[in-house]
Each structure stands twice: as C-alpha cells, then as structure tokens.
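# Summary of the model geometry
One-letter residues, chain by chain:
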Amino acid sequence: MQKASVGAGGAGSWSGAVVDPHNARMNNENPSSIPPVLTIDGPSGSGKGTVSRMVAQRLGWHYLDSGAMYRAVGVAAGWANLDLADPAALVRCTFDTQIGFVEDTPELRVLVNGVDATDELRLETTGALASAIAAIPEVRAALKERQRAFRELPGLVADGRDMGTVIFPDASYKVFLTASAEERAQRRHKQLKDKGVSVNFDDLLREIMARDARDAQRTVAPLKPADDAVLIDTTGIGIDDVVARVMDLLPVPAA
Ligand code: DC
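Attention here is on the structure that accompanies the text.

The rules behind these values
Residues numbered from 1 in each chain as written. Predicted model: local features only at pLDDT ≥ 70, side-chain atom pairs only at ≥ 80, totals over all residues. Heavy atoms only, no water. Helix = DSSP H or I, 4+ residues; strand = E, 2+ residues; numbered from the N terminus. Expected span 1.5 Å × (residues − 1). Buried < 20%, exposed > 50% of the residue type's maximum accessible area, 1.4 Å probe, protein only. Arc of directions from axis to C-beta. Contact = heavy atoms within 4.5 Å. Near = heavy atom within 4 Å. Polar contact = N/O pair within 3.5 Å; in protein donor to acceptor, adjacent residues only side chain to side chain. 1 Å grid on protein atoms, 1.4 Å probe; cavity = no way out; pocket = protein on both sides within 12 Å on 5 of 7 lines; lining within 4 Å. Sits in = over half its atoms within 2 Å of the grid points. Nonpolar A, V, L, I, M, F, W, Y, C, P; charged D, E, K, R; others polar. Axes fitted to C-alpha atoms, helices over the stretch in contact; angles between N-to-C directions. Parallel < 35°, antiparallel > 145°, perpendicular 65-115°, else oblique. Left-handed = near helix turned anticlockwise from the far one by under 90°. Pairing = 2+ DSSP bridges. Points joined across faces, edges and corners; volume = space filled by probe spheres on them. Salt bridge = Lys/Arg side-chain N within 4 Å of Asp/Glu carboxyl O.

For the rest of this paragraph, the subject is helix H7 (residues 137-148). Helical geometry: 3.6 residues make up each α-helical turn, so side chains three or four residues apart lie on a common side. Along its 12 residues, H7 runs 17 Å from first to last C-alpha, staying within 8% of the 16 Å computed at 1.5 Å per residue. Among all positions of H7, only Val139, Arg140, Ala142, Leu143 and Gln147 are buried. Buried positions in H7, seen along its axis, are confined to an arc of 160° and lie on one side of it. Away from its buried face by more than 90 degrees, H7 exposes Ala141 and Glu145. Turning to H7, the residues buried within the fold contact strand S4 (62-65), helix H3 (66-79), helix H4 (87-96), helix H6 (124-133) and helix H8 (163-167).

Another aspect to go through is the site of the ligand. Neighbouring the ligand are 16 residues; Arg71, Arg140, Arg211, Asp215 and Arg218 lie closest to it. The separation between an oxygen atom of the ligand and a polar side-chain atom of Arg71 is 2.6 Å. Within the side chain of Asp215, one N or O atom sits 2.8 Å away from an oxygen atom of the ligand. According to the grid-proximity analysis, the pocket containing the ligand is the largest pocket. Those elements that provide at least two residues to the shell around the ligand are H3, H6 and helix H10 (201-217). Per-element tally for the shell around the ligand: the top contributor is H3, with 4 residues. When grouped by side-chain class, the residues that make up the shell around the ligand number 4 nonpolar, 4 polar and 8 charged.

This part takes up the packing of H3 against H7. Running from N to C, H3 and H7 point in directions that differ by 130°, and their axes come no closer than 11 Å. When the axis of H3 is compared with that of H7, the two are oblique. With respect to the hand of their crossing, H3 and H7 are arranged in right-handed fashion. Touching Ser66, Met69 and Tyr70 of H3 are Val139, Arg140, Leu143, Arg146 and Gln147, all from H7. Residue composition of the contact of H3 with H7, grouped by class: 4 nonpolar, 2 polar and 2 charged.

All right, on to the sheet that holds strand S6 (residues 109-112) then. Pairing in this open sheet of 3 strands is antiparallel, and the strands run S5-S6-S7 from one edge to the other. The open sheet has two edge strands, strand S5 (99-102) and strand S7 (115-116), and neither has a second partner.

To continue, consider the environment of Arg58. Looking at where Arg58 falls in the secondary structure, it is placed in helix H2 (residues 48-59). Given the relative accessible area of 52%, Arg58 is considered exposed.

There is about 1,100 Å³ of room inside the largest pocket. Gly45, Gly49, Thr50, Arg122 and Gln191 are the residues nearest the centre of the largest pocket, which is lined by 45 residues in total. Among the secondary structure elements, those contributing two or more residues to the lining of the largest pocket are H2, S4, H3, H6, strand S8 (156-160), helix H9 (181-194), H10 and helix H11 (239-249).

Here the focus is the pattern of salt bridges. Tallying each qualifying case throughout the model produces 16 salt bridges. Here Lys48 makes a salt bridge to Asp159, at a shortest N to O gap of 3.4 Å. With a gap of 111 residues between them, Lys48 in helix H2 and Asp159 in strand S8 connect regions that are remote in the sequence. Both residues of the pair, Lys48 and Asp159, belong to the buried class. Across the salt bridge formed by Arg184 and Asp212, the nearest N and O atoms sit 2.6 Å from each other. In this pair, Arg184 sits in helix H9 while Asp212 sits in helix H10, placing the two residues 28 residues apart along the sequence. Arg184 gets classed as buried once you look at its relative accessible area, which sits at 3%. The buried category is assigned to Asp212, whose relative accessible area is 17%.

Written out as structure tokens, the structure reads:
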C-alpha cells in the first residue's frame, strides 16, 4: 500500500500519492462486492420481526432473525437440562448448537440441531431465557461471526438489539423501532389470543418491561439505537405504514 508522507514544509506540502488508509482498505475489499445491510433494532414487540421480513421480501434480500439464534441456544440448553447459573456450560452449548433457518415458508421456521423448534422458540418463556443467556459476553461473542456470515449479496436485513451498534456498525441503513410498552404488550396479547393461547395482559406487560430492562441494562451490547439510526415510533401506526417508512430510507431500485 502506498503511504502518504508530509514534506518538511508541513501542511500543504504533501509529497507522493495521498492514500486514505480507510479508503484503501475499502478499495482492496472491492466495495461493489460488499453486500449492503439494513439493520432493524428495537425492543420486543416493536414489530421489527414482521417489518424486517416484509422489507427483506420486497427487496429480495436475505433476512437474519438474530433473536432466534439466542432463543435457539435457550431451547438447546433446556433440552440438555443445563444449569442457567453455569455460564461455561451455556457458552459450550452456544458453540455446539446447530441453528438452521427455513426461509421459503410463510413463517420463518427454525431448526435447532436439525429439529423444527419454531413453536417452542416463540414461547414467552423462551424469550425470557434468551434474554438471560444473551447477557453472557462469551455467548454473544460465539454468535457474532455466525451472524455476520448472513451478509451476502444482494443484501441483508438484520433484526435484533445490537445489529446496528455491534454486529454491522458499517451498515448503510439503520433503523430503530420503538413503541410504548402497553402497545407492545397489546400486540403480543392479540397474537397469542389469535393462536388460541390465553395469557394475562398484566403479566405480559410486566414480562415485556422486565425484558426491556434486562436487554437495555446489560453491560455488553445493550439494547440502544446506533448514533446513526433512524428512530421510528410505531405506537398507533400499522405495519404497512412502518414498512413504507423503512422502504423510503432505501434507494429506489433501478427500473
Ligand atoms: O428479538 P427476540 O425477542 O426474538 O430476542 C429474544 C432475546 O434475545 C432478547 O430479549 C434479547 C436477545 N437478543 C439479543 O440480546 N441480541 C440480539 N441481537 C437479538 C436478541
């Protein structure tokens, strides 16, 4: 790589080719082959899963549900009867757990060690378990490269808590979705009711608030918007409008 050197005259007397090391790195990596990423972070129930999948479908991009990876580790840990107070065992479990996604179904199906665990993954108890496991730094580190491997052409929509801050800090497009805790609990309550599952609304609200607090207060990769993320408050806004707002942030595809 060429180096810039400053002549004796100081500022204004550069000699030789001036190379910005950052640009040089980008050039060596051939930027046109680096798949673009849209990150969509936010708390549980903010609608990010549904919005991310719809946007990914419209763009024809890949989709990463990073929360499902933490949930999958939680499910595998449960199957193996692991002690949640034993972080070393949970880290080993993270490395050992195979996580597969079946994308060409109406609902994203998730395979844990080859077994379709989608329904178990979606349980509130699994969400709480995932949130607890996700606070262990080595678990997060173990999943980092597996998440980054989803970055493939033509592009990736990545949904989670730290997609824009830690996993894809160089993403071209970053969104942070929020909604009031009450509205998020209402949405989840309706979803569960539609599935025939009856849960107490106040319990659900309490659980959502506890999970927000745990995800936002942990020391590693806490739930927070990236400095360059666009914040969208989805309280009182339908999914189609949220999708339209996100699509507005992206360049219009060439006709
Ligand atoms: O998005 P979700 O509800 O499926 O995520 C379940 C839990 O996993 C969430 O409460 C915190 C954790 N998680 C995380 O720490 N980082 C992510 N990128 C995604 C999820």
